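Letter by letter, the chains look like this.
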Amino acid sequence: MSSDQENIALIECFRNRLRRLILVEPLLGRLHFISEDDKELIRAKLNNKGDFQAADLLIDTILKGPRTDGWFKELLDGLETVGCKYAAKYIRHEPPSPSLEAENDNCIRMVQLLQSTLEKMKTLDVCRSCHTLDILTDEDLQNISAETEKYGNIRGARLLLRRLLKNEAGWYSLFLKALRKTDHQTLVEELNGEDLVDEEVSNGSGSPLALKDDKELTEQCRKSSIPNQKSPAKEPTSGQGFPSYLESTCDSLSTTADGTEPTSGQGFPSYLESTCDSLSTTADGTDDIYSDDFSQDPPSHAGDSMYYTMADGGDGGSVASMSSSASASGGGPEEGSSNSSDSGSIVLRDYQLEVARPALEGRNVIICLPTGSGKTRVAVYITQHHLETRTRLGLPAKVVVLVNKIPLVEQHYSNEFSKYLKHQYRVERVSGNSQLKISFPEVARKNDIIICTAQILENSFANAKKGGEDGIALTDITLLVIDECHHTQKGGVYNHIMLRYLRQKHRNPLLRKEGRETVPIPQVLGLTASPGVGGAKTQQKAEEHILRICANLDACTIMTKKLEEESKSPFKRIASANKRAEDPFGDVIKGIMEQIQAHAGLHSNCDFGAQNYEQWVVLTEQKAAKEENTKERVCAEHLRQYNEALHQSNTIRMSDAYSFLDKYYKEEWKKKHNPDEDEDIEITDTERFLFKLFTDKKEKLQELAKQTQYENKILSELRKTILKEFTSLENARGIIFTRTRLSAIALSQWIQQNPKFEACGVRASYLIGGGDQSLIKPMTSAEQKDVLNKFRHGEINLLIATTVAEEGLDIKECNVVIRYCLVTNEIAMIQARGRARDANSSYTLVAEEGSGVAERESVNEYREKMMSKAIDSVVKMKQVNYEKKIKEYQVQAMLEKKVLTKKKKQKSMQKEDPSKVRFSCKGCNKSVCLGEGIKVIENMHHVNVTPGFRGAIIVRENASLQERQLDYEANGTIACKDCGHTLGSMMLYKGIECPCLHIKNFVVTYNGKNKVFNKWSELAIRFPAFDYSEHAMDLAVDGNSDEEEEEEEETA
């Protein structure tokens, strides 16, 4: 066996130890034999999954190659430099003796078991002391200090403990010494325990303390730190973690039994691989002690123990597992009460079991339960039952859970499916924010339960249909769970997925008749709090709406339960505010709007400030863009801003409305400056008129905004409502729902700036959506998660939210819900009201008299009653009549889809050559490029890297950089060189700057007609894929030419 083969064999042999001892991030920068693309993938795994799985991928990358000369020495040097000397010893074939390794393993178990106690240490002091004793590196010191300063003492302590466990044997006694030096005598005593030999009798050489038998030590620690635990998982006895015969086996890696040089593949004994793979586990498969289970999110430590049967302490009781002695309660109104069961399965309440019954029998069903009644817990129970049943029968089993919002992916994963099923099954989540989306088929193949956004699954289905390797088929799934299933309607992504299902379902009888094998289809489970009535005005139409949803989901019935006994509706009231007698601020804005309309020759029958006026303005702006009428388009765009300001003035403070306008005009003025040149962009007469109009009225608006006597009365009513609720309730926790992102942000600031709210304990923050269609910068999923976590832990007790918080998101029980000048449909009303599920809750609608808001709320209440009657009527239908209706609606849906597909196909057959399509700036109507220059990255991003397009644009700094993706990131905005109108963003793709076009910012001309589009999918043109290698080569050649010219100049 060659030296290189021996090194690889050693890494494979000690893989399970190495993957837990390697520090991935600092090591990566020192391994030059690994390509940058592979490093990116490993870093992505590190960010998503942590050190353990990233180390696994790093080892895979090393093993598969390619490896350059000297790679092994580079790996050893890198490990020792970053403080992974213990890992270096293993791959240098210098593992510790079995007894020393067993003792070190005991030390690791002790720290893990006492983690919650150790987290209380003074992290920075201990960190510095450990650094002085050389068990932490300089880089460790910096990282732990930064983590502590940024996230607090507990997070810093967890990082410190994780880092210590990667040290070579001997670190434990030095850690105790560091604790003593920093006055943590109590912690030292707890870590020592009565069965530990005093440190004073240690030989002083830095070797670990002598410990008692591992089994005794584990039992002692278990008793001290898990007092209520009934039966701990089986632990290896002393010395069992590293079998004694392994050393002799490893010594003979390079020779065969007869002492001769082995042939390829012969030098690694067959029994050794299984031995090495189980180094860190006992024979019964219990968890290995090196797991990186120091939780990142306080305060629960359920996942931090090496025992599967740890009490969870969460909202559902205990972790439900096949081996656990406790069981998880079903959530809902009595959340927190726990039922026990000898079977070890999740225990549902009676009403939950009742609604789950058809699904447990393998039938498709819709479960309709109020918000907070444990629908998702029921889905977890059904999932577990489904997987267990099919596994027992020897059948394939795979569950996909679909959600319609990115934050719900992480929520369902962390709070439910992973929490209760990960000990039994492989659970993974994938969303648009996850790097795993690019390898979704691989994720689906490797895992039993996949939680993802619906669009990712639909994209994968589409790829599979095209014959691509990066797709999965419907037949791969055995149970499909659809959350918020009332969205399974015409045009929605849920419905696209279910139409695939329906086509196969109705094709199977034909296959059966022909004597051919039928194609398996998954069981379907729908979850909703309110299917609504779909705008129905009669009871018959309401029933039809419910039946259509049942048909779309192929449900045998809709299961619901009235929970009067479990959950009481909140007290409801309407707080009406009088109209203000005078509104001089609003009058000035209306006057400006009238002048703009007159200047552009526009006229509207809608009232200024109303939502229908905004709709009229948007349509006017699109029509003007198509007609290349710059004056009308620009005026309509400014009218939209004034209309928004007027709405703000009517619902929040006048100062907020003024700030909004002032900021808008400052940004518009900034667009008229070219950052690449010292000259300004030309301003049109219309733009000059609009800038002057605002400048002339600016001072007056600013002065009026300060006169509080003219503020709207609704805000005063909201103030009274908040103060009343937060002073009368002992632990008030509430949500205010409002229409726009701007009003959510402004209301949050208003509350934070008012000392009266602070005096009664109000701690407010806002929660808005993540889409980019609004005028306001969206909230990232990470920001949403941070706010919800603070709300959950009490750091915030009042959320001001847009409708993003109405549906699906797991928001802690509230006792105050306020809808502020906002009424939409009956589903939103039910969802919002469902947030007030705590005892003595209130639901208040705050609105202005005569606004029609109270009337629309009454209509929604009536529709809610219609919905309940419609569900009852559908449930009571004779089965034969029900099935006939369901089939009728399914056939109708499939025919409608077929006609639509045929139309699209005909349209695609008439697609123009990309070179015949022209893209003009929406701002000045100047042609900036032809379609032939546009290429597509990852079937999504439309870029133009031609020199001609580069010459027509300028690049500005992006004020709000998007979150970094796997292969690309936003790196500025691109704008028209002539008028400054934003055209898209500058995207960095694998090191290449690519101007990315946003089609909504262009007027598209083909066949002699001008059109505007909101999405690229609306344009019937197929653009070629971006050829990265070709463009990278061109850039490299150009770059070499430039370098040669520079060298020649320097030589001259």
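Being a predicted model, the structure only gives us computed values, none of them experimental.

K.L.:
Describe in detail the sheet that holds strand β15 (residues 927-930), supporting the description with residues and values.
P.N.:
Sheet architecture is open: 4 strands sit in the order β15-β14-β22-β23, paired in antiparallel fashion. Every interior strand has two partners, whereas the edge strands, β15 and β23 (1009-1011), have only one. Between one strand axis and the next, the sheet turns through 30° on average, direction left out of account. Sheet topology places strand β14 (residues 918-921) next to strand β22 (residues 1002-1006); 4 bridges connect them, and they run antiparallel. Across the sheet, S920 pairs through a bridge with V1003, a residue of β22.

K.L.:
Go over the nonpolar core, please, and point to the residues and values.
P.N.:
Counting residues in hydrophobic clusters, the biggest one holds 129 residues, and the most contacted among them are L457, I722 and I751. Discounting chain neighbours no more than four positions away, the residues touching I722 are I736, I751, F757, V762, L798 and I818. Residues F14, I22, A55 and Y86 belong to the second largest nonpolar core, which totals 35 residues.

K.L.:
Would you mind going over the sheet that holds strand β9 (residues 734-737) in detail, with residue names and values included?
P.N.:
Pairing is parallel in the open sheet, where 6 strands are placed in the order β8-β13-β12-β9-β11-β10. Sheet topology places β8 (571-577) and β10 (764-767) at the edges, where each strand pairs with a single neighbour. The average angle at which neighbouring strand axes cross in this sheet is 20°, direction not considered. Bridge count for strand β12 (residues 816-820) against strand β13 (residues 842-848) is 5 bridges, and the pairing is parallel. From the neighbouring strand, R819 faces β13, where its bridge partner is L845. Seen against the sheet, helix α30 (residues 713-728) touches β8, β9, β11 (798-801), β12 and β13 and runs at an angle of roughly 165° to β13.

K.L.:
Please provide a residue-by-residue account of the packing of aromatic side chains, values included.
P.N.:
One pair of aromatic rings is described through two measures. These are the centre distance and the angle between the planes. Under the criterion given, the structure shown has 20 aromatic pairs. A ring pair is formed by W171 and F175, whose centres lie 6.5 Å apart and whose planes are at 40°; its orientation type is tilted. Highlighted residues: W171 and F175, both in helix α13 (residues 171-181), separated by 4 residues, approximately one helical turn. Neither residue differs from the other here; W171 and F175 are each classed as buried. Here Y665 and F691 contribute two aromatic rings whose centre-to-centre distance is 6.0 Å and whose plane-to-plane angle is 70°, an arrangement assigned as edge-to-face. Taken as a pair, Y665 in helix α28 (residues 654-671) and F691 in helix α29 (residues 685-705) lie far apart in primary sequence, 26 residues in all. For Y665, a relative accessible area of 5% puts it in the buried group.

K.L.:
Residue-level account of the packing of helix α27 (residues 630-651) against α29, with values.
P.N.:
At a closest axis distance of 10 Å, the pairing of α27 and α29 adopts a crossing angle of 25°. As summarised for this structure, α27 and α29 are arranged roughly parallel, according to the angle between their axes. Two packed elements cross with a definite hand, and for α27 against α29 that hand is right-handed. On the side of α27, the interface is formed by K631, V634, C635, H638 and Y642, while α29 contributes T686, E687, L690 and F694. Among the residues forming the contact of α27 with α29, the class breakdown is 5 nonpolar, 2 polar and 2 charged.

K.L.:
Tell me about helix α10 (residues 123-132), residues and numbers included.
P.N.:
Those residues of α10 lying buried are T123, V126, C127, S129 and C130. Projection of α10 onto a plane perpendicular to its axis shows the buried side chains occupying an angular sector of 165°, all on one side. Buried residues along α10 sit in contact with α11 (138-151), α12 (153-164) and α13.

K.L.:
Give a detailed account of the environment of L369, specifying residues and quantitative values.
P.N.:
Of note, L369 is situated in the loop between β1 (365-368) and α19 (375-392). Classification of L369 as buried rests on a relative accessible area of 1%. Note: C-alpha distance between L369 and S530 (161 residues apart in sequence) is 7.7 Å. Setting aside residues up to four positions removed in sequence, L369 forms contacts with Y351, V355, K375, T528, A529 and K561.

K.L.:
Help me get a handle on the pairing of β22, residues and values and all.
P.N.:
Of all 5 residues that make up β22, 5 are buried, and the element is covered over most of its length. The side-chain alternation of β22 yields two buried faces, one formed by F1002, V1004 and Y1006 and the other by V1003 and T1005. Here β22 runs beside β23; their pairing, made up of 3 bridges, is antiparallel. Bridge pairing in β23 places T1005 opposite N1010. Here β22 hands over to β23 after 2 residues, with N1007 in that stretch at a positive phi of 55°.

Conventions we followed
Residue positions are given per chain, counted from 1 along the sequence in the order it is written. Per-residue local features of the predicted model are confined to residues with pLDDT of at least 70, and side-chain atom pairs are confined, for both listing and counting, to 80 or more; whole-chain, interface and lining totals are unaffected and use all residues. Side-chain metrics rest on all non-hydrogen atoms present in the structure, leaving aside hydrogens and water. If DSSP finds at least two bridges between two strands, the strands pair. Each helix is a run of DSSP H or I of at least 4 residues and each strand a run of E of at least 2, with the numbering of both proceeding from the N terminus. Axes here mean lines fitted to C-alpha atoms, for a helix over just the part in contact, with angles spanning 0 to 180 degrees between N-to-C directions. Only buried residues count toward a nonpolar core. Its members are Ala, Val, Leu, Ile, Met, Phe, Trp, Tyr and Cys residues joined through side-chain atoms within 4.5 Å. Exposure is judged per residue with a 1.4 Å probe applied to protein chains only, and the accessible area is read against the type maximum: over 50% gives exposed, under 20% gives buried, and values in between give partly exposed. For this analysis, residues touch if any pair of their heavy atoms sits within 4.5 Å. The criterion for an aromatic pair is that two Phe, Tyr or Trp rings (for Trp, the six-membered ring) have centres within 6.5 Å, with stacked assigned to planes under 30 degrees apart, edge-to-face to planes over 60 apart and tilted to the rest. Angle categories are assigned with fixed cut-offs, so that under 35 degrees is roughly parallel, over 145 is roughly antiparallel, 65 to 115 is roughly perpendicular, and the rest are oblique. Crossings are sorted by hand: turned counterclockwise from the far helix by less than a right angle, the near helix makes the crossing left-handed, and turned clockwise it makes it right-handed. For this classification, Asp, Glu, Lys and Arg are treated as charged, while Ala, Val, Leu, Ile, Met, Phe, Trp, Tyr, Cys and Pro are nonpolar and the rest, including Gly, are polar. The arc refers to the directions leading from the helix axis to the C-beta atoms.

Geometric descriptors of this kind do not, in isolation, establish any biological role.
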